[in-house]
Amino acid sequence: MAITVVGSVAYDSIETPAGRRDRCLGGAATYFSLAASFFTDVRVIAVVGEDFGPRQQSVFDKRKIDTRGIERAAGKSFFWEGSYLENLNEAKTHKTDLNVFASFEPKIPDAYRDSEFLFLANIDPVLQRRVREAMPGVKLVAGDTMNYWIKDHRPALLEVLKGLDILLINDTEARMLAANNNLVQAARAVMAMGPSSLIVKHGEYGATLFHKAPANAEGTERTFRAPALPLEEVVDPTGAGDSFAGGFFGYLASQPEVTPAAYRNAMFYGSVMGSFAVERFGTERLQMLSRDEIDARFGAFRELTHLD
Ligand code: AMP
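In this report, we go over the structure that sits alongside the text. (Residues numbered from 1 in each chain as written. Predicted model: local features only at pLDDT ≥ 70, side-chain atom pairs only at ≥ 80, totals over all residues. Heavy atoms only, no water.)

So, the pattern of salt bridges
Line of reasoning, step 1. Scanning the model with the defined rule gives 18 salt bridges in all.
Line of reasoning, step 2. E15 is paired through a salt bridge with R20; the nearest N and O atoms lie 3.6 Å apart.
Line of reasoning, step 3. When salt bridges with common partners are traced through the structure, they connect E15, R20, D22 and E81 into a single cluster. (Salt bridge = Lys/Arg side-chain N within 4 Å of Asp/Glu carboxyl O.)

Given below as structure tokens:
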């Protein structure tokens, strides 16, 4: 089943203990679609500027990602600059230039309309909501956000949460959104805002899936934890969360039914894709990845976690 994704397609300047890269192709929708494209058809909605050329376009084309919904506008593409010098699990943002995203009015190509899965990747919640409303027929909607929008765009974000089945955020963001430092209580509070499932990402420590408890069983959310692969070197954590989301949602969309077992496997495929993304700067590793490598690493995750 096809996934439509809306989110940033960007240039990133990144500094990590392993070095620095200036203006590499990034953006939440870019990482997400590259990761998800190993599992299912992906269609992107975004806007780029005149600085987005054939070399950037070919990154999507090589993975057969549908980019008819990426609009070209006068001006510059979204630009983000960040570093991870103190903490590899959390980016320090130095600059966010929305550029062409500031006046973006998303249009959904007719060819995207039969998508059954929708992913609202990280971008202005006003845009996320517009795309959600323009696609009322989708079967499952997941989304992501970040501290930038939680802090300064809360009312718009709360509207988006009402229309989500699954929210994926990192643990600092979950605590910030719920104004509660206890993760279980924070998860309960966030799910009360709309999504029936919440995935909290813990960087190098994996991710936890919470499912809302049935109405008559107060305080008994179902939870499931997937680890992250212990890696010898993390070159660049940028995009790990979006790649996790792409692996998770891509796998779910590839399954005949969205069952609890499918969710659990999807958590592992999310971890697999996150673990690849951090091995090189930007999207370099995802660009040269193969399905065989993905399956082999899934096997490594089984070895890491299974008792029998
Ligand atoms: P993550 O998976 O959280 O590491 O996401 C990294 C990507 O998010 C980078 O490629 C950035 O271009 C993108 N990004 C950073 N800030 C924002 C923002 N405020 N809105 C949308 N995308 C962003």
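Let's talk about the site of the ligand
Line of reasoning, step 1. In the vicinity of the ligand, 18 residues are found, and the nearest of them are S8, D12, G27, G239 and D242.
Line of reasoning, step 2. Within the contact set of the ligand, a nitrogen atom lies 2.9 Å away from a side-chain nitrogen or oxygen of S8.
Line of reasoning, step 3. Within the side chain of D12, an N or O atom sits 2.4 Å from an oxygen atom of the ligand.
Line of reasoning, step 4. Burial of the ligand by the surrounding chains reaches 89%, relative to a free accessible area of 510 Å².
Line of reasoning, step 5. Sort the elements by how many residues they give to the shell around the ligand and helix α8 (residues 240-254) lands first, with 3 residues.
Line of reasoning, step 6. The residue makeup of the shell around the ligand, split by class, is 9 nonpolar, 7 polar and 2 charged. (Near = heavy atom within 4 Å. Polar contact = N/O pair within 3.5 Å; in protein donor to acceptor, adjacent residues only side chain to side chain. Areas by Shrake-Rupley, 256 points an atom, 1.4 Å probe, with all protein chains shown as cover. Helix = DSSP H or I, 4+ residues; strand = E, 2+ residues; numbered from the N terminus. Nonpolar A, V, L, I, M, F, W, Y, C, P; charged D, E, K, R; others polar.)

Concerning the nonpolar core
Line of reasoning, step 1. Core analysis: the biggest nonpolar cluster contains 102 residues, and F119, I166, F248, F249 and L252 have the highest contact counts within it.
Line of reasoning, step 2. If one sorts the elements of this core by residue count, helix α9 (residues 260-277) sits on top with 10 residues.
Line of reasoning, step 3. Apart from residues no more than four positions distant in its own chain, L252 is found in contact with F117, L140, I166, V258, A262, Y263 and A266. (Core = buried A, V, L, I, M, F, W, Y, C linked by side-chain atoms within 4.5 Å. Buried < 20%, exposed > 50% of the residue type's maximum accessible area, 1.4 Å probe, protein only. Contact = heavy atoms within 4.5 Å.)

Here's the deal with the sheet that holds strand β1 (residues 3-6)
Line of reasoning, step 1. Taking strand neighbours across the sheet as the criterion, the 9 strands line up as β5-β4-β1-β8-β9-β10-β11-β12-β13 in an open arrangement whose pairing is mixed. Edge positions in the open sheet fall to β5 (66-72) and β13 (222-226), since each of these has one partner strand only. For this sheet, the mean angle separating the axes of adjacent strands, direction not counted, is 15°.
Line of reasoning, step 2. For strand β12 (residues 207-211) and β13, the ladder comprises 5 bridges, and the chain directions are antiparallel. The residue bridging H211 from the neighbouring strand is R222, located in β13. (Pairing = 2+ DSSP bridges. Axes fitted to C-alpha atoms, helices over the stretch in contact; angles between N-to-C directions.)

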